[in-house]
Amino acid sequence: MKYLVLAAGLLSTTAANADVPELTVYTYDSFVSDWGPGPAVEEAFEKICGCDLKLVGAGDGAALLARIRLEGARSDADVVLGLDTNLTAAAKATGLFADHAVSADYTLPIEWNDKTFAPYDWGYFSFVHNADAAAPANFKDLAASDAKIVIQDPRSSTPGLGLLMWVKAAYGDDAPAIWADLSDNIVTVTKGWSEAYGLFLEGEADMVLSYTTSPAYHLIAEEDASKAAALFDEGHYVQVEVAGKLAASDQPELADQFLDFMVSDAFQSIIPTTNWMYPAVTPAAGLPAGFETLVQPGKSLLLSEDEAASLRDVALDEWLTALSQ
């Protein structure tokens, strides 16, 4: 009898779960990690959506777009979260994304009027190093030094692609010479940010491509002030991370609700101490204590999405040529 009761209970549970709509969000691996924003975002959104939020890690940021291209309209994803402005033109060209109706009082360093993608955080790329070590003041100083660096692959990682755009924005036609000089500083190239940062923390390199906000993690979460971000006088490239809704989503209303939630105080207040980036909308409580200690670049660099799209292949060829010598 108890088996019949158990079976009936399982059927009842299964039927109940079947009534709960599921929203699938593809994102990058660090977002869904135990220490990333994913767990808190999932808990907060499920309290208001009456749904099951399924966050799926799909590699690093640039790999997300490759996966969506491969899956096309058959993708299980309703939302993609984790592209940036260096990829939005290419993402729009797929025809797989629908416009959004999100509006917010953004505190971004740029005006935002993109109808397809909505931003959720932003930051400045920087090389993070041990605070007790001297840091170069620009790419030329870095190339002339003995410092060993870890960077990410621009074909799979948005920080890796951001570095290509950073060098291109700062040096234009002289970018190949910068890469040629930097090539012997590069210890290794990783697929994603997490692997690169892990190698730096293990002492495998003197510096790692990351963000000016990365030292906040060590300072706030670990009470460790031993990490710093190098301030480059050429300026620092801005990354704005975005999300967009798939046109073929079978949960378009839930996808819209998630995008609206993404710019709410509930979501934005999670970002600074989990994704360790600046939120797209400053939370009502402000930024966490410790963020005021972060370095502030004197100059911001950012290519438009069309410029980034037109320069991507050229910059990638320059990078590959330098590293193959």
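Source: prediction; values computed, not measured.

What counts and what doesn't
Residues numbered from 1 in each chain as written. Predicted model: local features only at pLDDT ≥ 70, side-chain atom pairs only at ≥ 80, totals over all residues. Heavy atoms only, no water. Helix = DSSP H or I, 4+ residues; strand = E, 2+ residues; numbered from the N terminus. Rg over C-alpha atoms; globule rule 2.2 N^0.38 Å. Buried < 20%, exposed > 50% of the residue type's maximum accessible area, 1.4 Å probe, protein only. Areas by Shrake-Rupley, 256 points an atom, 1.4 Å probe, with all protein chains shown as cover. Lys, Arg positive; Asp, Glu negative; His and termini not counted. Charge placed at Lys NZ, Arg CZ, Asp CG, Glu CD. Core = buried A, V, L, I, M, F, W, Y, C linked by side-chain atoms within 4.5 Å. Contact = heavy atoms within 4.5 Å. Disulfide = S-S within 2.5 Å. Axes fitted to C-alpha atoms, helices over the stretch in contact; angles between N-to-C directions. Parallel < 35°, antiparallel > 145°, perpendicular 65-115°, else oblique. Left-handed = near helix turned anticlockwise from the far one by under 90°. Nonpolar A, V, L, I, M, F, W, Y, C, P; charged D, E, K, R; others polar. Polar contact = N/O pair within 3.5 Å; in protein donor to acceptor, adjacent residues only side chain to side chain. Pairing = 2+ DSSP bridges. Phe/Tyr/Trp six-rings, centres within 6.5 Å; stacked < 30°, edge-to-face > 60°.

A. Quick look at the overall build of the protein. For the protein, the count of helices and strands is 13 helices and 12 strands. Taking 20 Å as the expected radius of gyration for a compact globule of 325 residues, we find that the protein reaches 21 Å, a close match to that expectation. Judged by the C-alpha coordinates and their principal axes, the protein covers about 75 × 45 × 40 Å. The buried share among the 325 residues of the protein stands at 51%. Total accessible area on the protein stands at roughly 14400 Å², and carbon and sulfur atoms take up 51% of it. Averaging the positions of the 17 positive and the 48 negative side-chain charges in the protein gives two centres separated by 6 Å.

B. Geometry of the environment of alanine 266. For alanine 266, the position within the fold is in helix 12 (residues 265-268). Taking the C-alpha atoms as reference, alanine 266 lies 8.3 Å from proline 283; in sequence the two are 17 residues apart.

C. Layout of the nonpolar core. Residues Leu83, Phe127, Phe139, Trp166, Trp179, Phe258 and Phe267 are the most contacted members of the largest nonpolar core, which totals 98 residues. For tryptophan 166, the contacting residues outside a window of four places in its chain are Phe125, Ser126, Phe127, Phe139, Leu209, Phe232, Gly235, His236, Tyr237 and Leu301.

D. Structural view of the state of the cysteines. On inspection of all chains with the given rule, the structure shows 1 disulfide. Between the sulfur atoms of cysteine 49 and its disulfide mate cysteine 51 the distance is 2.1 Å. Where cysteine 49 bonds to cysteine 51 through sulfur, the torsion about that S-S bond is close to -90°, and the disulfide is left-handed. Each member of the pair, cysteine 49 together with cysteine 51, is buried.

E. The packing of helix 7 (residues 158-171) against helix 8 (residues 175-182), seen in detail. Two elements in contact, helix 7 and helix 8, have axes separated by 9 Å at closest approach and are oriented at 125°. Of the possible angle classes, the one that applies to helix 7 and helix 8 is oblique. When the axes of helix 7 and helix 8 are compared, the crossing they make is right-handed. Facing Leu163, Leu164, Val167, Lys168 and Tyr171 of helix 7, the residues of helix 8 in contact are Ala175, Ile178 and Trp179. Here the residues of the contact of helix 7 with helix 8 are counted per class, giving 7 nonpolar, no polar and 1 charged.

F. Layout of the environment of tryptophan 112. Here tryptophan 112 shows up in the loop between strand 4 (97-98) and strand 5 (118-130). Under the relative-accessibility criterion, tryptophan 112 is labelled buried at 16%. Sequence-distant contacts of tryptophan 112, defined by excluding residues within four places in its chain, comprise Thr85, Tyr106, Phe117, Ala118, Pro119, Val240 and Val242. Among the polar contacts listed, one links the side chain of tryptophan 112 to the backbone oxygen of phenylalanine 117, at a separation of 3.0 Å.

G. Examining the pairing of strand 6 (residues 149-152) more closely. Burial along strand 6 is two-sided: the residues Ile149 and Ile151 and Val150 and Gln152 are all buried. Pairing between strand 6 and strand 7 (residues 186-190): 4 bridges, direction parallel. Residue pairing across strands places isoleucine 149 opposite isoleucine 186, the latter belonging to strand 7. Alignment of strand 6 against strand 8 (residues 207-211), held across 2 bridges, turns out to be parallel. The residue bridging valine 150 from the neighbouring strand is valine 208, located in strand 8.

H. Fine view of unusual backbone geometry. Even without being a glycine, glutamate 223 presents a positive backbone phi close to 50°. Tracing the sequence through the fold places glutamate 223 in the loop between helix 10 (214-221) and strand 9 (227-229). Glutamate 223 sits in the exposed class, given a relative accessible area of 74%. Positive phi is not limited to glycine here, since tryptophan 276 has a value of about 55°. Examined against the element boundaries, tryptophan 276 turns out to sit in the loop between helix 12 and strand 11 (278-279).

I. Layout of the side chain of glutamate 234. The topology assignment puts glutamate 234 in the loop between strand 9 and strand 10 (236-246). Side-chain polar atoms of glutamate 234 contact the backbone nitrogen of phenylalanine 139, separated by 2.7 Å. Not counting residues within four places of it along the chain, the set of residues in contact with glutamate 234 comprises Ala137, Asn138, Phe139, Lys140, Ala170, Tyr171, Lys299 and Leu301.

J. Representation of the packing of aromatic side chains. One pass over the full model with this rule turns up 24 aromatic pairs. Ring centres of tryptophan 193 and tyrosine 197 lie 5.0 Å apart, and the angle between their planes is 25°; on these two criteria the pair is classed as stacked. Highlighted residues: tryptophan 193 and tyrosine 197, both in helix 9 (residues 193-201), separated by 4 residues, approximately one helical turn. The class for tyrosine 197 is buried, based on a relative accessible area of 6%. Consider the rings of phenylalanine 261 and phenylalanine 267, whose centres lie 5.8 Å apart with planes at 90°: the pair is edge-to-face. Residue classification places phenylalanine 261 among the buried residues on the basis of a relative accessible area of 6%.

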